[in-house]
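Remarks on the overall topology
What follows is the residue order along each chain.
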Amino acid sequence: MRHATPGLIRLSTPSRHRRPTRSQRHAWREPYRTAHLLTRGLAALIVLGICVMLGVLFVADEHDSTPSRLAAAEIDQLIASRTVDPEPLTEAEVFPSGSTAFGVEETGLTADCTVAVTGALRFTLQRYGCSQAVRAALTVPYADYRVTAGMLNLPDATGATAVGDQVRSLVESGDGGFALMSGEATGAGTPVVWRTRGHYLMYCVITGPDGALVPADEPQLDQLTHDLLDVYLSETVLSRRA
């Protein structure tokens, strides 16, 4: 009976029990390090995004707190009368040369409001205590119009509204209206538009070149009166004043 020679028997440790080499251990750590770096980078981006958002909100809050961002009701209260808004108007305030969307050709300021109007509207302004008329001759960048625009300073909002109501009936009947910058009365059918806000009455008279009549159905008239009366005089000038 043969016996296996002990010296010829070789035992080998199964590969699954072998201790990993140094290079293998380093390779196993690489995915963990990569994920860790990605996580830290993502966290940094989130923090940066939050900082940017807070900065934008802070700037927006500062802008919203400026006088130009006052609510319409607050502005109306601050210009409701000459008692709360006593500072007189100036030409530079209402029609500064070179700083409006309209070409400013000539300006004028007078304490005699009757020179800015015609007919029975003169007596109306005297009766309601108009103290100033600031006027300008303007050109329009997008149409061949000549515009006389103005702002009348009344004692209070009630008086301004009452004058505005009378303007309508006087213009419709031809018994009064707003004069051109030259002082001439406008012809029948000349587009005349006005607004009141606070203790001010704003208006514009629109003609073509050389005083030619502009048809009332001209499509650009609505844009012109909105840009001049609603946006510029009402929102820019009076909001800034408030």
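So, here's what we can say about the structure. (Residues numbered from 1 in each chain as written. Predicted model: local features only at pLDDT ≥ 70, side-chain atom pairs only at ≥ 80, totals over all residues. Heavy atoms only, no water.)

**Brief notes about the environment of Ser 131**
You can see Ser 131 is positioned in the loop between helix H4 (121–127) and strand S3 (132–139). Note: C-alpha distance between Ser 131 and Ala 111 (20 residues apart in sequence) is 5.4 Å. Once residues within four sequence positions are removed from consideration, Ser 131 is found in contact with Arg 82, Thr 110, Ala 111, Cys 113 and Asn 153. A distance of 2.9 Å separates polar atoms of two side chains, one belonging to Ser 131 and the other to Arg 82. (Helix = DSSP H or I, 4+ residues; strand = E, 2+ residues; numbered from the N terminus. Contact = heavy atoms within 4.5 Å. Polar contact = N/O pair within 3.5 Å; in protein donor to acceptor, adjacent residues only side chain to side chain.)

**What to know about the state of the cysteines**
Enumeration according to the criterion identifies one disulfide in this entry. Note that Cys 113 is cross-linked by a disulfide to Cys 130, the S-S spacing being 2.1 Å. Taking the sign of the S-S torsion, -75 degrees for the link of Cys 113 and Cys 130, the bridge is left-handed. Here Cys 130 lies in the loop between H4 and S3 and Cys 113 lies in the loop between strand S1 (103–110) and strand S2 (117–119), a separation of 17 residues in the sequence. Of the two residues, Cys 113 and Cys 130, neither departs from the other in class, the shared state being buried. (Disulfide = S-S within 2.5 Å. Buried < 20%, exposed > 50% of the residue type's maximum accessible area, 1.4 Å probe, protein only.)

**A closer look at the layout of surface pockets**
Unfilled space is identified by rolling a water-sized probe across the atoms. The calculated volume of the largest pocket comes to roughly 260 Å³. The wall of the largest pocket is formed by 16 residues, among which Val 171, Gly 176, Thr 186, Gly 187 and Val 192 lie closest to the centre. Those elements that provide at least two residues to the lining of the largest pocket are helix H5 (157–173), strand S5 (176–178) and strand S6 (192–197). Tallied by class, residues from the lining of the largest pocket come to six nonpolar, eight polar and two charged. As for the second largest pocket, its lining consists of 14 residues, and the residues nearest its centre are Ala 137, Arg 146, Thr 148, Leu 180 and Met 181. Elements supplying a minimum of two residues to the lining of the second largest pocket: S1, S3, strand S4 (146–153) and strand S7 (200–207). Class assignment for the residues of the lining of the second largest pocket results in six nonpolar, four polar and four charged. (1 Å grid on protein atoms, 1.4 Å probe; cavity = no way out; pocket = protein on both sides within 12 Å on 5 of 7 lines; lining within 4 Å. Points joined across faces, edges and corners; volume = space filled by probe spheres on them. Nonpolar A, V, L, I, M, F, W, Y, C, P; charged D, E, K, R; others polar.)

**Thoughts on the environment of Tyr 142**
Mapped onto the elements, Tyr 142 comes out in the loop between S3 and S4. With relative accessibility at 27%, the residue Tyr 142 sits in the partly exposed group. A C-alpha to C-alpha distance of 9.8 Å links Tyr 142 and Gln 223, two positions 81 residues apart in sequence. Dropping the residues within four chain positions of it, Tyr 142 is found in contact with Gln 220, Gln 223, Leu 224 and Asp 227. At 3.4 Å, the side chain of Tyr 142 forms a polar contact with the backbone nitrogen of Leu 224. Here the side chain of Tyr 142 touches Asp 227 through a polar contact of 3.0 Å, side chain to side chain.

**Examining the sheet that holds S4**
A sheet is described by the order of its strands in space; here five strands give the open sequence S1-S3-S4-S7-S6, paired in antiparallel fashion. Each having just a single partner strand, S1 and S6 make up the two edges of the open sheet. Pairs of neighbouring strands in the sheet enclose a mean axial angle of 15 degrees, with direction left out of account. Where H5 meets the sheet, it contacts S6 and S7, and its direction lies at approximately 160 degrees from that of S6. Lying over the sheet, helix H6 (residues 220–241) contacts S3, S4, S6 and S7, oriented at roughly 150 degrees with respect to S7. (Pairing = 2+ DSSP bridges. Axes fitted to C-alpha atoms, helices over the stretch in contact; angles between N-to-C directions.)

**A word on the pairing of S3**
Summarising burial for S3: seven of the eight residues are buried, a large majority. Where S1 and S3 come together, seven bridges link them in antiparallel fashion. Residue pairing for S3: Glu 106 is matched across the bridge by Ala 137. Both S3 and S4 contribute to a ladder of eight bridges, which runs antiparallel. By the bridge assignment for S4, Ala 137 is matched with Thr 148. Hairpin connection between S3 and S4: a loop of six residues separates the two successive antiparallel strands.

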